[in-house]
Amino acid sequence: MQRLLRVFNRVLPALAFAGVLASGAQAAGDQPSVPYVPTPQAVVDRMLEMAKVTAQDYLIDLGSGDGRIVVTAAKKFGARGFGVDLNPVRISEANENARRNGVTDKVAFYQRNLFDTDLSQATVITMYLLPRVNLELRPKLLELKPGTRLVSHDFDMGDWKADASVRINAADKFSGAGGDSDVYFWVVPAKAGGSWRSQFPVSGKPQTYEFMFEQKYQVISGSVQVNGRAVKIPDAKLRGAELSFSFTAEVNGAPVKHEFSGRVDGDRIIGQAALSGSRLTARVEWIAERAARVAGTGAMN
Ligand SMILES: C[S@@+](CC[C@H](N)C(=O)[O-])C[C@H]1O[C@@H](n2cnc3c(N)ncnc32)[C@H](O)[C@@H]1O
């Protein structure tokens, strides 16, 4: 876990002198914001396993060093992708690495500032940066396509808690000593916070549902108004664009269990609702339209 910070501390005075400690935005002046420390191969393997990388994925490594993450993703899983690094020596090493491993048709490496890199093509983003750099990247990462998977070696994202994390012991390439590495995994959540409205027939009569969700990153909670009564939603889950929840509410004078699941797509949710009660069992198409976003909660940043 402390491998990068150890190296960072060792080179701190020189980095400060060279202006390397500038923020990411200032790093647009093209000074590396993070020193080079390669991720041990065992940790690379684990990062790609955590992200469940497949041949359908497009992976971008931010600060790609000798290209090992992108090259391993291509060689082991058939994924395509690219890496960016400010250091031209790293880019040459990464291209050589891709050639040696026969994956030049799948990967590319660009000498580019990670803060100026278009990430929209990515289905998976990997990084081994620094806590401050992760935090600086966070708003940009949260704007990515819902469902984009993120994996970070050693550093978290502050109060955006990881969906999963693991600690592994892997040999330190520089010192030869064993060391703990943490790997953090997130799925970019859709923007589901705010109010939503749906109407569909229940036992032949139109029934209106008004949902209100509060969201902080991937954590979501909410309530629903049915027939003028507010009912708490106890178990809302959001993973990428997939939203699911259930509640029991009275419909036509009898309690009915409602189970909703759907995909958030901008200002619509499309999915299904399963209703079950003593007088009815139904499965219906569920479409919700956004009525309003939650304003000024800062929920996503
Ligand atoms: C800790 S190393 C990680 C290398 C590789 N991702 C790995 O895990 O093995 C960080 C890399 O980021 C590069 N880097 C630092 N700041 C950068 C920036 N602003 N834009 C692009 N690359 C940067 C460094 O040159 C270095 O190669």
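Located above this text is the structure these notes cover.
The rules behind the values
- Residues numbered from 1 in each chain as written.
- Predicted model: local features only at pLDDT ≥ 70, side-chain atom pairs only at ≥ 80, totals over all residues.
- Heavy atoms only, no water.
- Near = heavy atom within 4 Å.
- Polar contact = N/O pair within 3.5 Å; in protein donor to acceptor, adjacent residues only side chain to side chain.
- Areas by Shrake-Rupley, 256 points an atom, 1.4 Å probe, with all protein chains shown as cover.
- Nonpolar A, V, L, I, M, F, W, Y, C, P; charged D, E, K, R; others polar.
- Pairing = 2+ DSSP bridges.
- Helix = DSSP H or I, 4+ residues; strand = E, 2+ residues; numbered from the N terminus.
- Axes fitted to C-alpha atoms, helices over the stretch in contact; angles between N-to-C directions.
- Buried < 20%, exposed > 50% of the residue type's maximum accessible area, 1.4 Å probe, protein only.
- Contact = heavy atoms within 4.5 Å.
- Parallel < 35°, antiparallel > 145°, perpendicular 65-115°, else oblique.
- Left-handed = near helix turned anticlockwise from the far one by under 90°.
- Salt bridge = Lys/Arg side-chain N within 4 Å of Asp/Glu carboxyl O.
- Core = buried A, V, L, I, M, F, W, Y, C linked by side-chain atoms within 4.5 Å.
- Right-handed = clockwise from strand over helix to strand, strands pointing away.

Student: Teacher, can you tell me more about the site of the ligand here?
Tutor: Taken together, 22 residues lie near the ligand, and S33, T39, G63, D85 and L114 sit nearest. The side chain of T39 places a nitrogen or oxygen atom 2.5 Å from an oxygen atom of the ligand. Here the ligand has 590 Å² of accessible area as a free molecule, and 99% of this is covered by the chains. Of the residues belonging to the shell around the ligand, the class tally is eleven nonpolar, six polar and five charged.

Student: Can you walk me through the sheet that holds strand β11 (residues 229–233) in this structure?
Tutor: Strands in a sheet are paired, the pairing made by backbone hydrogen bonds, and the direction either parallel or antiparallel. Taking strand neighbours across the sheet as the criterion, the nine strands line up as β11-β10-β9-β8-β16-β15-β14-β13-β12 in an open arrangement whose pairing is antiparallel. The open sheet has two edge strands with one neighbour each: β11 and β12 (237–239). On average, each strand axis in the sheet is inclined to that of its neighbour by 25°, with strand direction left out of account. Relative to strand β9 (residues 205–216), strand β8 (residues 194–202) is paired through nine bridges, and the arrangement is antiparallel. The residue of β9 that forms the bridge with W196 is F211.

Student: What am I meant to see in helix α3 (residues 68–77) here?
Tutor: Along α3, seven of the ten residues are buried, which leaves the element largely enclosed by surrounding structure. If you check which residues of α3 are buried, you get R68, I69, V70, V71, T72, A73 and A74. Those residues of α3 hidden inside the fold are in contact with α2 (41–50), β1 (58–62), β2 (80–85), α4 (88–100), β3 (107–111) and β4 (124–127). Phi turns positive, to about 75°, at G78, one or two residues after α3.

Student: Is there a simple way to think about the packing of α2 against α3 in this case?
Tutor: Packed helix pairs are specified by the crossing angle of their axes together with the interaxial distance, meaning the distance between the axes. The contact between α2 and α3 brings their axes to 10 Å, and the two run at 60°. Between α2 and α3, the interaxial angle falls into the category oblique. For the pair α2 and α3, the crossing hand works out as right-handed. Contact residues: α2 offers Q41, V44, D45, M47, L48 and E49, while α3 offers R68, I69, T72, A73, K76 and F77. Per-class residue counts for the contact of α2 with α3 are six nonpolar, two polar and four charged.

Student: Can you walk me through the pattern of salt bridges in this structure?
Tutor: Side chains bearing opposite charge may pair, as long as their charged atoms lie close to each other. Counted according to the given criterion, the structure contains 13 salt bridges. One salt bridge connects R167 with D182, and the closest N-O pair in it is separated by 2.7 Å. Placement of R167 in strand β6 (residues 164–171) and of D182 in strand β7 (residues 178–187) is noted, with a sequence separation of 15 residues between them. By relative accessible area, R167 is classed as exposed at 54%. When the shortest N-O distance is used, the salt bridge between R290 and D267 registers 2.7 Å. Of this pair, R290 sits in strand β16 (residues 281–292) while D267 sits in the loop between β14 (254–265) and β15 (268–277), placing them 23 residues apart in sequence. Its relative accessible area of 43% is what places D267 among the partly exposed residues.

Student: Is there a simple way to think about the nonpolar core in this case?
Tutor: If you look at soluble globular proteins, the nonpolar side chains tend to sit buried side by side. Core analysis: the biggest nonpolar cluster contains 31 residues, and Y209, F211, F245, F247 and W286 have the highest contact counts within it. Elements with a minimum of two residues in this core: β8, β9, β10 (219–226), β11, β13 (242–251), β14, β15 and β16. Of all hydrophobic cores here, the second largest spans 29 residues; its members include M127, V133, V188 and Y217.

Student: Explain α2 here, please?
Tutor: Residue pairs three or four apart in sequence face the same way in an α-helix, which turns once every 3.6 residues. Those residues of α2 that fall on the buried side of the exposure criterion are V43, V44, D45, M47, L48 and M50. K52 lies just past α2 and shows a positive phi near 50°.

Student: Help me understand the pairing of β1, please; the structure alone is not making it clear to me.
Tutor: Residues in a regular strand point their side chains to alternate faces of the sheet. Counting buried positions along β1 gives five out of five residues, so the element sits mostly inside the fold. Here β1 shows a buried face lined by Y58, I60 and L62 and a second buried face lined by L59 and D61. Summarising the sheet, β1 and β2 pair through five bridges and their orientation is parallel. Bridge pairing in β2 places Y58 opposite R80. Tracing the backbone out of β1, into α3 and back to the parallel element β2 gives a crossover that is right-handed. Bridge count for β1 against β4 is four bridges, and the pairing is parallel. Paired with L62 across the strands is M127, a residue of β4.

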